[in-house]
Amino acid sequence: MTDAEKAEQHPQEGTEQALRALLDGRWGRVRDAVRTHVRGERFAPVAGLSVEEHRARVADQLAALARTEVPGYGFPAEVGGADDLGASCTAFEMLVADMSLMVKVGVQWGLFGGAIHALGSDGQRAEHLPGVIGLEVPGCFAMTETGHGSDVQRLRTTADYDPGSGMFTVHTPDEAARKDYIGNAARDGRAAVVFARLRTRGEDHGVHALLVPIRDADGRPLPGVAIGDCGPKAGLNGVDNGRLTFDRVRVPRSALLSRYGAVAEDGTYSSPIADPSRRFFTMLGTLVRGRVSVAGGAGTAAKAALAIAVRYGEARRQFTRPGSASEEVPLLDYRAYQRRLLPALARTYALHFAQQELVASLHDAQTGERPLDEHGRRELESRAAGLKAVATWHALDTVQDCREACGGAGYLAANRLPQLRADVDVFTTFEGDNTVLLQLLAKALLTDYRDAFGDLDTAGMVRFAAGQVLEGVIERTAARSLIERLVSAAPGRGDADELRDRGWQLRLLEDREEHTVAGLARRLRRAGGGDGRSAFAAFNQAQDHLLRAARVHVDRVVLEAFVAGIDRCSDAGARRLLEKVCDLYVLSVVEEDRAWFLEHERLSGTRAKAVVKAVDELCADLRPHARTLVDAFGLPDEWLAAPIALGAEAERQAAQMNAESDR
């Protein structure tokens, strides 16, 4: 029997296959490779491990992955890699069997290796990256300090160059400069990419990165390096987070990763980017892959939680169905259960398509397939910041809702949900605090902030906005011609049928974004110029509006990505299903924010009620397809590893029925 004949006999199965192919997307081969490699007892989720047992297990898993092609995906071919950054990001997000392994992979090959790749010279790459890929050199990414996490420009660790010896002295001047929360530091790391203030010939050139050994071959801290252990955490205890301090540690001049800043033997500093602020943001921008990967990893956590909760909701029954003496109702038949899970499932789909597009943009920019100008780079970086914030908050909320929806069973460690909740929590913090990232995105929405504001000076931003009229802030990011056709054909404010008109939906979210960003500009404009103190006060008072502008922008970008994803779907059944999922996504977004739409007369009271009704109807329409939608994520049962998702509840009910029939 052909695949087409099987699909005709089992339409849900055929739809699931079509959905999985679409979701797997451009790097489907990579997803399949990870599904193949991450199998068996070594990678199976295990609950109840001690911190040290968990760290040892994850280190063993990392070593096993190092023997596959996965570590080399994101590195250049000349050092043994595959020149495939998209594959690297995709592989990372698939490692949901143990999110400690996901993070450990991200530290070794994303942050540590990625920093050497992005910030090092060609010679430094050739020297160090083969050992990073093969795990001969386990490493850390030492940026965050106890006193400064989000404010990287104010880091206090110093790296002073001495022309006489040709050495840098890396030093921690006080406790605020201690490197904190550093993955791979407490147990396994042998070297660290350390971000420090580069000083030479009496001049501070700002934050740069140096490759600093921290342990010898036997795992002992090197002289001058003090290593502490952050200890047990709420989650991710398979990751050995530690603290690093440096007491006048000397490293050679070659330790400076010198792509964007170099020091000659005599101490002369040079850089291809003359402006210090632009140089700093260029250096940070090269590390955008971390934010992209974190967004994808959080999305997979949400997918795993939804798969567990939907499967349990289909099997678990509670309360007798009216008209029946004994038949109980599956949880997923209850509207409240549907309302809790299905809009979250729709948003997870939407974010998946946005993530696919972001990964492709990052990959194409790095490989030169679609080179970016400065505006394009800023757009990519700001979109990565916004999507990371929204995706990680969504994952946290979704896992919690899934835990609650599964009742007491969802609270058991064996059913994975408590661990997923604990592990994904910190995703909202690392690779940039979400609130700070949304501010970064909002500043980019206002204008080319690097040119206009230099180092993001608040007074400069207020002065700039005071002289600008912001119009036409919408710049479409996906399937531009398709989106434009849909918007131009959108109906006006007519009957309720247009709630499901895609052009109307797109135009509604575009209008909300334009109004919000323009309102932010007006607030700053009214503040005028003034000195730095008054400008900060004005900016601070508008901060809520700033964050809102970023969030509504992400909502619109995500919807556009979903529309583009549907356009790529060639299977008629899967496409019809995705159209409904997309409707549920956008209408649940409108429902959440209907107070704004009412206050600003974008919806009448009657239309707002119609939105609520439409969300209810879509939940009912999608209920029979919920299992298909979660199974299409392609997460193997052994990754879910939750008995309530793998038939335990159905087996219990069958045993109970057999026992009752024998009486």
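Residues numbered from 1 in each chain as written. Predicted model: local features only at pLDDT ≥ 70, side-chain atom pairs only at ≥ 80, totals over all residues. Heavy atoms only, no water.

(A) Quick peek at the sheet that holds strand 4 (residues 179-182). Across the sheet, three strands lie side by side as 4-8-7; this open sheet has antiparallel pairing. Both edges of this open sheet fall to strand 4 and strand 7 (225-229), since each of them pairs with a single strand only. Averaged over all pairs of adjacent strands, the angle between their axes in this sheet comes to 20°, without regard to strand direction. Two elements, strand 4 and strand 8 (residues 242-246), share two bridges in a ladder whose sense is antiparallel. Looking at the pairing, Lys179 lines up with Leu244 of strand 8. (Pairing = 2+ DSSP bridges. Helix = DSSP H or I, 4+ residues; strand = E, 2+ residues; numbered from the N terminus. Axes fitted to C-alpha atoms, helices over the stretch in contact; angles between N-to-C directions.)

(B) Spotlight on the pattern of salt bridges. Applying the stated rule across the entire model yields 53 salt bridges. Taking the shortest distance from any N to any O, the salt bridge between Arg220 and Asp216 comes out at 3.1 Å. Across the pair Arg321 and Asp333 runs a salt bridge whose closest N-O atoms are separated by 3.3 Å. Of this pair, Arg321 sits in the loop between strand 12 (317-320) and strand 13 (328-330) while Asp333 sits in the loop between strand 13 and helix 10 (335-367), and the two are 12 residues apart along the sequence. Classification of Asp333 as partly exposed rests on a relative accessible area of 32%. (Salt bridge = Lys/Arg side-chain N within 4 Å of Asp/Glu carboxyl O. Buried < 20%, exposed > 50% of the residue type's maximum accessible area, 1.4 Å probe, protein only.)

(C) Region of the structure containing unusual backbone geometry. A positive phi angle, near 70°, is found at Leu135, a position not held by glycine. Along the chain, Leu135 turns up in the loop between helix 7 (122-133) and strand 1 (139-142). Phi is positive for Glu431, close to 60°, though the residue is something other than glycine.

(D) Up close: the packing of helix 3 (residues 28-37) against helix 5 (residues 85-93). Running from N to C, helix 3 and helix 5 point in directions that differ by 40°, and their axes come no closer than 9 Å. Of the possible angle classes, the one that applies to helix 3 and helix 5 is oblique. Crossing angle aside, the handedness with which helix 3 passes helix 5 is right-handed. Here Arg29, Val30, Arg31 and Val34 of helix 3 lie close against helix 5, whose contacting residues are Ala87, Thr90, Ala91 and Glu93. Looking at the contact of helix 3 with helix 5, its residues break down into four nonpolar, one polar and three charged. (Parallel < 35°, antiparallel > 145°, perpendicular 65-115°, else oblique. Left-handed = near helix turned anticlockwise from the far one by under 90°. Contact = heavy atoms within 4.5 Å. Nonpolar A, V, L, I, M, F, W, Y, C, P; charged D, E, K, R; others polar.)

(E) Molecular detail of the packing of aromatic side chains. This model, assessed by the stated rule, comprises seven aromatic pairs. Here Tyr161 and Phe168 contribute two aromatic rings whose centre-to-centre distance is 5.2 Å and whose plane-to-plane angle is 55°, an arrangement assigned as tilted. Relative accessible area serves as the criterion here: at 7%, Tyr161 is assigned to the buried category. (Phe/Tyr/Trp six-rings, centres within 6.5 Å; stacked < 30°, edge-to-face > 60°.)

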